[in-house]
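A structural walkthrough
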Amino acid sequence: TYLHAICRDLRNHGLNTLLTGGVIRKPTVRQLDICKRYGIKVVLRIDAPAEDAVMKHPSVISCMFGDEPKLEAIDHYRSRYEEVYKKYPDIAVVSCLVGESAGSDAPNNPFRIWWELKPKIRLVRYYPFRKNNYGLLNPITYKRMMSFPAAMKAFGISFDTPWWYV
């Protein structure tokens, strides 16, 4: 199947984790079994806990609620995190934040969000190239943002909790 090909390709390239595609179609146990066969771990992207067999599947290492939360939505995210932890205490709950916003006064600055949300694992992505205006070698200058190396260093030393980069 297509999923077999994806998992085989991930392993052949030294990758070991994938993020499910969305909240509309939750993954099935059969799909998670395929991931397990190839040694692929899974982060479930969901808007509510999935069925027990999916949430407790051995390939599932985390679930992701929402994307790029803003400060005004922290209470909502916190309640969703607690909902999962109450029923599935061993599953890490994450929300992905944009690394370029680190150090800015933006409402989605990862440091501000993490301080308020207090996740057990912090998840951040950093777009190294965007709009042909900036990249890893030519940092953004028109907004107050941390460079990629500075942000990576700061993510590692700013909190006691582990963090993942995607």
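The following paragraphs examine the structure supplied in this document. The structure displayed is predicted, hence computed values, not measured ones.

**What about the pattern of salt bridges?**
A side chain with one charge may pair with a side chain of the opposite charge, provided their charged atoms come close. Tallied over the entire structure, the rule returns six salt bridges. Of the charged contacts in the structure, one is a salt bridge between D52 and K87, with a shortest N-O distance of 3.6 Å. Here the residue D52 occupies a position in helix α3 (residues 52–55), and K87 occupies one in helix α4 (residues 74–87), the gap between them amounting to 35 residues. For K87, a relative accessible area of 52% gives the class exposed. The shortest N-O distance in the salt bridge between D67 and R125 comes to 2.8 Å. Within this pair, whereas D67 is found in strand β3 (residues 60–67), its partner R125 is found in strand β5 (residues 122–125), the two being separated by 58 residues in sequence. Taking relative accessible area as the criterion, R125 reaches 14% and is therefore assigned buried. Connected through salt bridges with shared partners, the residues R45, D67, E68 and R125 form a single ionic network.

**Focus on the side chain of N108**
Its location among the elements puts N108 in the loop between β4 (92–98) and α5 (110–117). A distance of 3.2 Å separates a polar atom in the side chain of N108 from a polar atom in the side chain of S101. Ignoring any residue separated from it by four or fewer positions in sequence, one finds N108 in contact with E68, P69, K70, L97, V98, S101 and I113.

**Quick notes on the pairing of β4**
The element β4 is extensively covered by neighbouring structure, given that seven of its seven residues are classed as buried. Where burial is concerned, the two faces of β4 agree: the one with A92, V94, C96 and V98 and the one with V93, S95 and L97 are both buried. Here β3 pairs with β4 via four bridges, running parallel. Along β4, the bridge assignment pairs C63 with V93.

**A short note on the sheet that holds strand β6 (residues 163–165)**
As summarised here, the arrangement of the six strands in space is β1-β2-β3-β4-β5-β6, forming an open sheet in which the pairing is parallel. The open sheet terminates on both sides in strands that have one partner only, identified here as β1 (17–19) and β6. Pairwise comparison of adjacent strand axes, ignoring direction, gives a mean angle of 30 degrees for this sheet. With four bridges connecting them, strand β2 (residues 41–45) and β3 associate as parallel partners. Residue pairing in the sheet places V42 in a bridge with V60 of β3. On the sheet, α5 packs against β4 and β5 and is oriented at approximately 155 degrees with respect to β4. Against the sheet, helix α6 (residues 148–157) makes contact with β5 and β6, and its axis sits at roughly 155 degrees relative to β6, the strand it touches most.

**Description of the packing of aromatic side chains**
Applying the stated criterion across every chain yields a total of six aromatic pairs. Seen from their ring centres, F111 and F159 are 6.5 Å apart, and the 5 degrees between their planes marks the pair as stacked. Here F111, found in helix α5, pairs with F159, found in the loop between α6 and β6; they are 48 residues apart in sequence, far enough to count as distant. Residue F111 is classed as buried on the basis of its relative accessible area, which comes to 18%. Here W114 and F155 contribute two aromatic rings whose centre-to-centre distance is 5.5 Å and whose plane-to-plane angle is 80 degrees, an arrangement assigned as edge-to-face.

Each value, and the rule that gives it
- Residues numbered from 1 in each chain as written.
- Predicted model: local features only at pLDDT ≥ 70, side-chain atom pairs only at ≥ 80, totals over all residues.
- Heavy atoms only, no water.
- Salt bridge = Lys/Arg side-chain N within 4 Å of Asp/Glu carboxyl O.
- Helix = DSSP H or I, 4+ residues; strand = E, 2+ residues; numbered from the N terminus.
- Buried < 20%, exposed > 50% of the residue type's maximum accessible area, 1.4 Å probe, protein only.
- Polar contact = N/O pair within 3.5 Å; in protein donor to acceptor, adjacent residues only side chain to side chain.
- Contact = heavy atoms within 4.5 Å.
- Pairing = 2+ DSSP bridges.
- Axes fitted to C-alpha atoms, helices over the stretch in contact; angles between N-to-C directions.
- Phe/Tyr/Trp six-rings, centres within 6.5 Å; stacked < 30°, edge-to-face > 60°.

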